[in-house]
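Architecture at a glance
Each chain, written out:
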Amino acid sequence: MMKLYWSPRTRSFTALWLMEETGQPYERVLIDISTGAQRTPEYLAINPMGKVPALQDGTATLGEAAAICAYVAERFPDAKLAPPAGDPARAKYLYWLFFGPSCIEPAIVQLATKIEMNPVAAGWGDADRVIDVLDAALQKGPWLLGENFSAADIVIGAGLNFGVRLFKMIPSRPSFDDYIARCTARPAFQRAEKIAAG
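What counts and what doesn't
Residues numbered from 1 in each chain as written. Predicted model: local features only at pLDDT ≥ 70, side-chain atom pairs only at ≥ 80, totals over all residues. Heavy atoms only, no water. Helix = DSSP H or I, 4+ residues; strand = E, 2+ residues; numbered from the N terminus. Expected span 1.5 Å × (residues − 1). Buried < 20%, exposed > 50% of the residue type's maximum accessible area, 1.4 Å probe, protein only. Arc of directions from axis to C-beta. Contact = heavy atoms within 4.5 Å. Polar contact = N/O pair within 3.5 Å; in protein donor to acceptor, adjacent residues only side chain to side chain. 1 Å grid on protein atoms, 1.4 Å probe; cavity = no way out; pocket = protein on both sides within 12 Å on 5 of 7 lines; lining within 4 Å. Points joined across faces, edges and corners; volume = space filled by probe spheres on them. Nonpolar A, V, L, I, M, F, W, Y, C, P; charged D, E, K, R; others polar. Core = buried A, V, L, I, M, F, W, Y, C linked by side-chain atoms within 4.5 Å.

Quick word on helix 5 (residues 127-138)
The terminal C-alpha atoms of helix 5 lie 16 Å apart, and with 12 residues this matches the ideal 16 Å at 1.5 Å per residue to within 8%. Buried within helix 5 we find Ala127, Val130, Ile131, Leu134, Asp135, Ala137 and Leu138. An end-on view of helix 5 places all buried positions within 165 degrees of arc, on one side of the element. In helix 5, the exposed residues that point more than 90 degrees away from the buried face are Asp128 and Arg129. Of the surrounding elements, those touching the buried residues of helix 5 are helix 4 (89-113), helix 6 (151-166) and helix 7 (174-184). Among the residues of helix 5, the N-terminal cap falls to aspartate 126, whose side-chain oxygen and the backbone nitrogen of aspartate 128 are separated by 3.1 Å.

Put into structure tokens, the structure is as follows:
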């Protein structure tokens, strides 16, 4: 059985929601980051970065929420959370799956800290462009791949829920509000939110 190492109010929510979407049994292992549990030698053996989430699947261990989403979506193809290899939709899926950590998360940091970055030097460009690109994609809806919900929606939806709805770090837009409403209406999202709330 897969073990998900997680902590509330962190990127762990992405992996928690993903696991709930699969419908497969898994074990949750709470890592209390307020006590420094993520820096114990035992946990660092699982994730040397000392961050949550992390996932163990037999002898396979990995961290990073988007990587966990990619891995689990492929392990459970019946959950239909990823287009199969060879499907043309896979290119768009991979793009959005990694847009979250490579563009949205740095943009949130840029907005929150008000750090000025040269958009040519910054790997994500700039926060305004990230928000505009995401806004344009979400206006097409209902999901990033059109009618098909995927793990990319979990990564982006969890990020927007965190950045717009919970912490108001990203300015709201109608497309964001509508998309977040569709995400939060999903039963798996609601189960994950209930677990995360304790």
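Thoughts on the side chain of asparagine 47
With respect to the element layout, asparagine 47 can be found in the loop between helix 2 (41-46) and strand 3 (54-57). Every residue in contact with asparagine 47, bar those within four places of it in the chain, is listed here: Pro53, Ala54 and Gly63.

Concerning empty space enclosed by the protein
One pass over the structure, following the stated rule, counts 2 cavities of 30 Å³ or more. Considering the residues around the largest cavity, the lining is formed by Ile104, Ala107, Ile108, Val130, Ile131, Leu134, Leu160 and Ile170. For the lining of the largest cavity, a count of residues per class yields 8 nonpolar, no polar and no charged. Within this model, the second largest cavity holds a volume of roughly 30 Å³. Lining the second largest cavity, in full, are Arg11, Asn47, Lys51, Val52, Pro53, Glu64 and Ala65. Here the lining of the second largest cavity is built from residues that sort into 3 nonpolar, 1 polar and 3 charged.

Quick notes on the environment of alanine 15
With respect to the secondary-structure elements, alanine 15 resides in helix 1 (residues 12-22). Placed 143 residues apart in sequence, alanine 15 and alanine 158 show a C-alpha to C-alpha distance of 9.4 Å. For alanine 15, the contacting residues outside a window of four places in its chain are Leu4, Pro53 and Ile68.

A word on the nonpolar core
The biggest cluster of nonpolar side chains holds 57 residues, and the ones touching the most others in it are Trp17, Leu18, Leu134, Ile156 and Leu160. Listing elements by their share of this core, those giving two or more residues are strand 1 (2-6), helix 1, helix 3 (65-75), helix 4, helix 5, helix 6, helix 7 and helix 8 (187-197). Ignoring any residue separated from it by four or fewer positions in sequence, one finds leucine 18 in contact with Ile68, Cys69, Val72, Leu81, Ala151 and Ile154. Within the second largest apolar cluster, 7 residues are counted, among which are Val29, Ile46, Val52 and Ala54.

A word on the environment of leucine 138
Within the element layout of this structure, leucine 138 appears in helix 5. Its relative accessible area of 5% is what places leucine 138 among the buried residues. Excluding anything up to four places from it in sequence, leucine 138 contacts Leu144, Leu160, Ser175, Phe176, Tyr179 and Arg182.

Some remarks on unusual backbone geometry
Look at the link from valine 52 to proline 53: it is a cis peptide, with omega at 5 degrees. Mapped onto the fold, proline 53 is located in the loop between helix 2 and strand 3. Following glycine 141, the chain continues into proline 142 via a peptide bond in cis, with omega recorded as 0 degrees. Along the chain, the position of proline 142 falls in the loop between helix 5 and helix 6. Here the phi dihedral of lysine 168 falls at roughly 50 degrees; this positive angle occurs in a residue that is not glycine. Assignment of secondary structure puts lysine 168 in the loop between helix 6 and helix 7. On the basis of relative accessibility, which here comes to 63%, the residue lysine 168 falls in the exposed class.

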